[in-house]
Structure formats: structure tokens, C-alpha cells
Amino acid sequence: MGSGGLELPPGGEGHEGSGSTDVPPGAVSLARPMGAGSIGPELDWDAGAWLEVRTRAQRAGRAYIWLNLVEQRLRAVVAAVLRPVYEPVHGDDWVVAAAGPAGQEWVQRAVAVREVSRRKGYLLDPADDNVLSFLTLPQLRELMVQHWPCFEPYFDERRDLELALDELEVTRNVVSRNRALSEAVLNQAERASARLLELLGAAGDVPSAARLPVDAVEDLVGDRYADVVAVHSDRVRLMGQFPAEDLFGGARRLDAIGIGLNLLVQNFSGRRLVRLAESGCRVRLLFLNPASSAVKRRERELGMKRGELARSVEMNILHMRRVRSRLRDPGAFEIQVYDETPRFTAYLVDGDGADGIGVVQSYLRGARGMESPVLVLRGGSRVVKSDHSVDSGLFPTYREEFEMAWADSRPVS
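On a predicted model such as this, the values are computed, not experimentally measured, just so you know.

Caption draft 1: Broad picture of the overall build of the protein. Counting its regular elements, the protein contains 16 helices and eight strands. Buried residues in the protein amount to 40% of all 413 residues. Split by element, the accessible area of the protein, about 23,400 Å² in all, is 51% carbon and sulfur.

The structure is reproduced here in C-alpha cells:
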């Protein structure tokens with residue numbers, strides 16, 4: 001007799017699978033089990049299925065990091081504001097008291113989960129042995145809403161805070177249930193999380209974050225990749241996520257070395273360069289000499305017509321000379337050329353301070369600059385401080401290479 005009250009067929013000879021006709025009335029016929037090893041082809045995933053689940057895992061992982069950062073910061077803010085109010089009277093039960101009658105159900109559930117975690121040894125850090133650590137993001141939000149007069153002095157606009165938390169709630173539900181997270185929702189969650197951390201007084205303290213926002217993943221594992229914060233397969237994809245205006249706008253110093261410096265010359269207008277220089281930015285541009293033999297070798301590598309690359313570089317230099325001629329202080333806008341074999345192109349923005357950003361490309365034999373892989377570097381102090389000694393990164397290496405090349409070059413009149 002099965003658990004559902006129906007009679008199962010006997011397992012003896014003559015009653016195996018659907019081939020038997022001797023099945024008692026009311027009995028349920030069991031499907032024949034698959035043979036050994038047959039589950040593989042039935043449940044096999046093709047390359048597309050594996051790509052899909054990996055994409056899901058990557059997106060969920062990024063979202064979880066942001067949610068974790070926000071929740072920890074919100075928990076710290078709630079503790080800092082409400083603990084001094086309730087703890088003197090209620091002691092360790094201050095969270096229960098703060099929840100009040102309206103939050104009695106969810107706070108008691110948090111107390112129960114804490115007790116179970118204690119018994120089963122799930123509390124690995126003594127700092128988490130408190131009711132506050134077991135409250136979810138919506139419950140922490142509820143505490144803030146109930147006690148808004150206590151939090152109001154620290155926030156300019158309650159609506160901004162609640163809207164950002166509303167946007168995060170969709171992502172939190174998707175991640176907690178391991179459902180598919182679209183790229184659009186992930187981007188929304190990242191923006192909302194960054195905004196929340198800013199409102200909660202935990203915005204990135206890296207000076208360059210205004211130009212290149214510190215990513216949550218970089219914040220956690222940045223020391224694994226030196227100071228490389230982004231890699232793009234070509235310059236088109238770089239500019240799709242990091243336009244020239246974001247890179248060069250507001251710079252106080254710009255050093256660039258390459259063949260024709262097209263990323264700057266062709267994507268940042270002369271008028272903007274004039275305004276940038278007049279606002280105090282010091283510019284040093286180092287072009288490959290269009291009359292050098294290195295240009296001719298590069299033309300052959302790329303299969304270009306003779307003189308084609310040289311004319312392009314010469315036009316860029318002439319354009320930069322016109323920009324320089326419009327400045328009150330031409331000495332702050334220097335143009336020089338070098339005759340060595342070009343090895344890389346680099347744009348070092350504010351490279352003399354703690355908020356430097358670098359965009360670097362190596363020259364490939366058969367690919368133009370627009371088609372070459374791009375590294376984005378964060379200069380200055382490291383984002384992540386490791387307990388172990390690590391290399392200082394690539395930014396100082398390229399800055400040193402620029403300075404040596406600049407010293408061996410000659411000015412353009």
C-alpha cells in the first residue's frame with residue numbers, strides 16, 4: 001500500500017514495468033527506472049545552458065555583494081542611532097523594544113532564528129550574536145521608518161532613501177530565491193546601492209571615484225588584479241562605458257603618449273581642450289614623429305598605403321597646435337614627438353596624485369589602436385589594503401615609461 005492509499009504492483013517476476021498485464025484493479029503502475037548512466041543524456045546541458053547559468057551566477061553574485069554592503073551599513077546606522085535610546089533601559093533586548101508592538105512578529109522570529117543558530121553552531125563570529133544581525137533589509141527599513149524623527153537629522157530627504165530601498169527590494173527578492181536577474185535590474189540595483197551607501201555616509205573614499213566609480217567587486221578583490229579595474233576588448237567598448245568626457249573632463253593634469261593619440265584628438269573637441277587648459281589643466285602630449293622610420297614600419301604592419309599613417313599623425317599634431325595657439329599660457333600645453341619604436345599608447349589623467357586614472361593599450365602587429373585591448377588603471381593609493389605585501393600596480397610603471405620617453409623627445413614649435 002503506498003503512502004497515498006493506492007496499492008502498488010508487486011515487484012516480483014511478471015509484474016515488471018508496463019509490459020505486465022496482470023495488474024490488480026486500482027493499482028498504480030510504476031515507470032521503468034532508467035538504466036545505469038542513462039540520466040546523463042536526458043539531463044545534459046549544452047554550451048548555451050551552461051553560459052546561461054554562469055551568467056545568472058555572475059549577476060547574482062554582484063547583486064549579493066551590493067546588497068550585503070548596504071545591509072551591513074544600514075545595520076550599523078540603525079545601531080548607532082537607536083541603541084543609545086533603548087539600551088540604557090532595555091539592555092540586550094533593545095532591538096525588541098525598538099520594534100514595539102507593530103514589529104512584534106518579525107522581531108520575535110529573528111530572536112527564534114538567533115537561538116537556533118546558537119544551538120547549531122552557525123554563529124561563527126561573536127559580533128553577530130545579537131538580534132540586530134538577524135534582521136533583514138525590510139525590517140531594518142521598518143525600524144528607520146518607525147523612528148524617523150531619530151534619523152531625520154542625518155538625512156536630507158527621506159523620499160530619496162525610501163525610493164532607493166524600494167529599487168533594491170526587487171533585486172533582494174530575486175537573489176534570495178535564486179531567480180534570473182536581468183542586466184537592467186542588476187544595473188538598477190548597483191545604482192541604488194551606490195546611492196544608498198552615499199546617503200548612509202559610506203560613499204567611496206577613493207579620490208578618483210568621482211571620475212571612475214569604485215565597483216563593489218573591485219572594492220572586495222581589487223588586490224588580485226593590481227590596479228587594473230577594467231579590461232575592454234577594444235576601444236569602442238571602452239568608450240561605450242567610459243566616454244572621453246568622463247575620462248578627460250575636469251582633469252588637472254593630462255599626460256598622453258602614443259602614435260596619433262586619436263582617443264583624445266578625435267573624441268574630445270578642441271573647444272573643450274581649450275576650456276580644460278584655461279581652467280588650470282597642464283597637458284603634455286607625446287606623438288610619434290610622422291617623419292620617422294617607425295611610422296613607415298607601422299604602416300607596413302597595418303597594410304596601410306605609404307604615407308597614410310604619417311599624414312594622420314601630422315593632422316592630429318596640427319590640430320593640437322591650433323588648440324595651443326588659442327591659450328593665454330601656451331607653456332601649460334606642451335607637444336613633443338619621439339622617434340623610437342612605439343610600444344604602447346597611454347593616457348594618464350591626474351597621474352601625479354592619489355586620484356589618477358590610466359587608459360593603456362599595447363600595440364599589436366596587425367591591429368589598429370581602435371581594435372586593440374584596453375586596460376583601465378586606477379592610480380594613487382590602493383583601493384584594497386591587503387595584509388600581505390603586494391606589487392604597487394601598473395600605473396607607476398607606465399608613468400615612469402612616459403617620463404623617460406618625454407625626456408628623450410623633442411618639442412614641436
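Caption draft 2: How the structure looks around the packing of aromatic side chains. In this structure the tally under the stated criterion is six aromatic pairs. Consider the rings of F248 and F268, whose centres lie 5.7 Å apart with planes at 70°: the pair is edge-to-face. Here F268 lies in the loop between α12 (262-265) and α13 (270-278) and F248 lies in helix α11 (residues 244-248), a separation of 20 residues in the sequence. For F248, a relative accessible area of 1% translates into the label buried. Taking relative accessible area as the criterion, F268 reaches 2% and is therefore assigned buried. Each ring, one from F402 and one from W406, has its centre 5.8 Å from the other, and the planes form 20°; the classification is stacked. With F402 and W406 both in helix α16 (residues 395-407) and four residues apart, the pair spans about one turn of that helix. Judged on exposure class, the residue F402 and its partner W406 are both buried. In this structure an aromatic cluster arises from ring pairing among F248, F268 and Y347. Across from the ring centre of W406, 5.3 Å away, lies the NZ or CZ of R284, which sits over that ring.

Caption draft 3: Just the nonpolar core, in detail. Residues F248, L285, F287, M320 and F333 are the most contacted members of the largest nonpolar core, which totals 60 residues. In terms of residues, this core owes the most to one element, helix α15 (residues 308-325), which gives six residues. Apart from the residues lying within four places of it in its own chain, the contact partners of L285 are A256, L261, L264, M320, F333, E334, I335, Q336 and W406. By size, the runner-up hydrophobic cluster in this structure holds 43 residues, among which are A63, V81, A164 and L196.

The rules behind the values
Residues numbered from 1 in each chain as written. Predicted model: local features only at pLDDT ≥ 70, side-chain atom pairs only at ≥ 80, totals over all residues. Heavy atoms only, no water. Helix = DSSP H or I, 4+ residues; strand = E, 2+ residues; numbered from the N terminus. Buried < 20%, exposed > 50% of the residue type's maximum accessible area, 1.4 Å probe, protein only. Areas by Shrake-Rupley, 256 points an atom, 1.4 Å probe, with all protein chains shown as cover. Phe/Tyr/Trp six-rings, centres within 6.5 Å; stacked < 30°, edge-to-face > 60°. Lys NZ or Arg CZ within 6 Å of the ring centre and 35° of its normal. Core = buried A, V, L, I, M, F, W, Y, C linked by side-chain atoms within 4.5 Å. Contact = heavy atoms within 4.5 Å.

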